[in-house]
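In case you want the letters, here they are:
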Amino acid sequence: MSNCIAIDGPAASGKSTIARRVAEKLNIAYINTGSLYRAVALAAIRAGRDLSSLDRSFLDTLKLEYAENESGAYELKLNGAFPGAALRTAEVAAGASLVATQPVVRDFLLGVQRGFAGERMVVMEGRDIGTVIFPDAAVKIFLTASPEERARRRLAQDGESPDGATLAEVAREIAARDKQDSERAVAPLKPAPDAILVDTTGFSLDKAVETIIGLTARKLQESGICIMK
Ligand code: CDP
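Residues numbered from 1 in each chain as written. Predicted model: local features only at pLDDT ≥ 70, side-chain atom pairs only at ≥ 80, totals over all residues. Heavy atoms only, no water.

Visitor: How do you make sense of the site of the ligand when you look at a structure like this?
Guide: With respect to spatial proximity, 19 residues lie near the ligand, and among them Arg38, Arg106, Arg154, Arg177 and Asp181 are the closest. Asp128 is positioned such that a nitrogen or oxygen atom in its side chain is 3.0 Å from a nitrogen atom of the ligand. Contact with the protein chains covers 99% of the free accessible surface of the ligand, which is 530 Å². A majority-of-atoms criterion places the ligand in the largest pocket. Of all the secondary-structure elements, those providing two or more residues to the shell around the ligand are helix H2 (34-46), helix H4 (90-99) and helix H8 (167-183). When residues of the shell around the ligand are assigned to their parent elements, the largest contribution, three residues, is made by H2. Residue composition of the shell around the ligand, by class: five nonpolar, four polar and 10 charged. (Near = heavy atom within 4 Å. Polar contact = N/O pair within 3.5 Å; in protein donor to acceptor, adjacent residues only side chain to side chain. Areas by Shrake-Rupley, 256 points an atom, 1.4 Å probe, with all protein chains shown as cover. 1 Å grid on protein atoms, 1.4 Å probe; cavity = no way out; pocket = protein on both sides within 12 Å on 5 of 7 lines; lining within 4 Å. Sits in = over half its atoms within 2 Å of the grid points. Helix = DSSP H or I, 4+ residues; strand = E, 2+ residues; numbered from the N terminus. Nonpolar A, V, L, I, M, F, W, Y, C, P; charged D, E, K, R; others polar.)

Set out below in structure tokens:
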């Protein structure tokens, strides 16, 4: 069994906030794997590469690591610097979804992601953590919420949507990314057969966090793993 609590789900399903809060509660590390795809897209845009056909030699030049930022939190570093808000633009989100369709990119990031789980339990959030990266994860959660609710959440996140975007535009952008993520041939977005499905439509953030922490605690207990504080 891998020391990983896998939290998968579509865009703006609440994964990042919930995964971070679960990790804080358990006092363990949190890895947002979407940032890795976003970092690859950002590096390719900066290098003037064609995002639809990246090659391994370019990927091998990228340095991806987690390091402590100014406030002491662990954050992704790309080629020695924190990309910060540059990762969260709509252009980089669309680019991430495009590079994520390429087997060469997924294969490169598979090794990077597996390197993050070791002796200590980690919370890892993404699209294929429970299906491909850690099929034997200790806990697997698949989060969803209605498309309308996800669009509302995304619009409320600063810097994540183009200035002045309407709810309908954001909903379209999310739907396009969901389609690309679910229909791609490699590692499509889908729940693992043994994942616990949680629909957070209509849940407050606190209720969603409480629900996931409760399910995680029960699953860890059933497996005889003791890490709860
Ligand atoms: O924050 P949001 O849910 O909008 O996206 P993200 O988690 O930052 O992921 C950005 C894109 O990376 C997604 O649309 C996926 O195409 C891709 N991704 C993936 O394919 N596999 C993962 N494990 C994580 C992200």
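Once the structure has been displayed, the description carries forward.
Visitor: So what exactly am I meant to see when it comes to empty space enclosed by the protein here?
Guide: Empty space among the atoms can be located by rolling a probe the size of a water molecule over them. In total, this model carries one cavity of 30 Å³ or more according to the counting rule given. Taken as a whole, the largest cavity holds about 40 Å³ of empty space. Residue lining of the largest cavity: Ala6, Asp8, Gly130, Thr131, Lys140, Ile141, Phe142, Lys190, Pro191, Ala192 and Ala195, and that is the complete set. Of all the secondary structure elements, the ones that give two or more residues to the lining of the largest cavity are strand E1 (2-8), helix H6 (129-133) and strand E6 (137-144). Looking at which element gives the most residues to the lining of the largest cavity, the answer is E6, with three residues. (Points joined across faces, edges and corners; volume = space filled by probe spheres on them.)

Visitor: Just to check I follow, could you spell out the packing of helix H1 (residues 15-26) against helix H9 (residues 205-222) for this structure?
Guide: Helix-helix packing: each pair is described by the crossing angle between the helix axes and the interaxial distance. One can describe the packing of H1 onto H9 by two numbers: an axis separation of 10 Å at closest approach and a directional angle of 55 degrees. Taken together, the axes of H1 and H9 are oblique relative to one another. Of the two possible hands of crossing, H1 and H9 adopt the one that is right-handed. For the pair formed by H1 and H9, the contact residues are Thr17, Ile18, Arg21, Val22, Lys25 and Leu26 on the first element and Leu205, Asp206, Ala208, Val209, Ile212, Ile213 and Thr216 on the second. For the contact of H1 with H9, the per-class residue count stands at eight nonpolar, two polar and three charged. (Axes fitted to C-alpha atoms, helices over the stretch in contact; angles between N-to-C directions. Parallel < 35°, antiparallel > 145°, perpendicular 65-115°, else oblique. Left-handed = near helix turned anticlockwise from the far one by under 90°. Contact = heavy atoms within 4.5 Å.)

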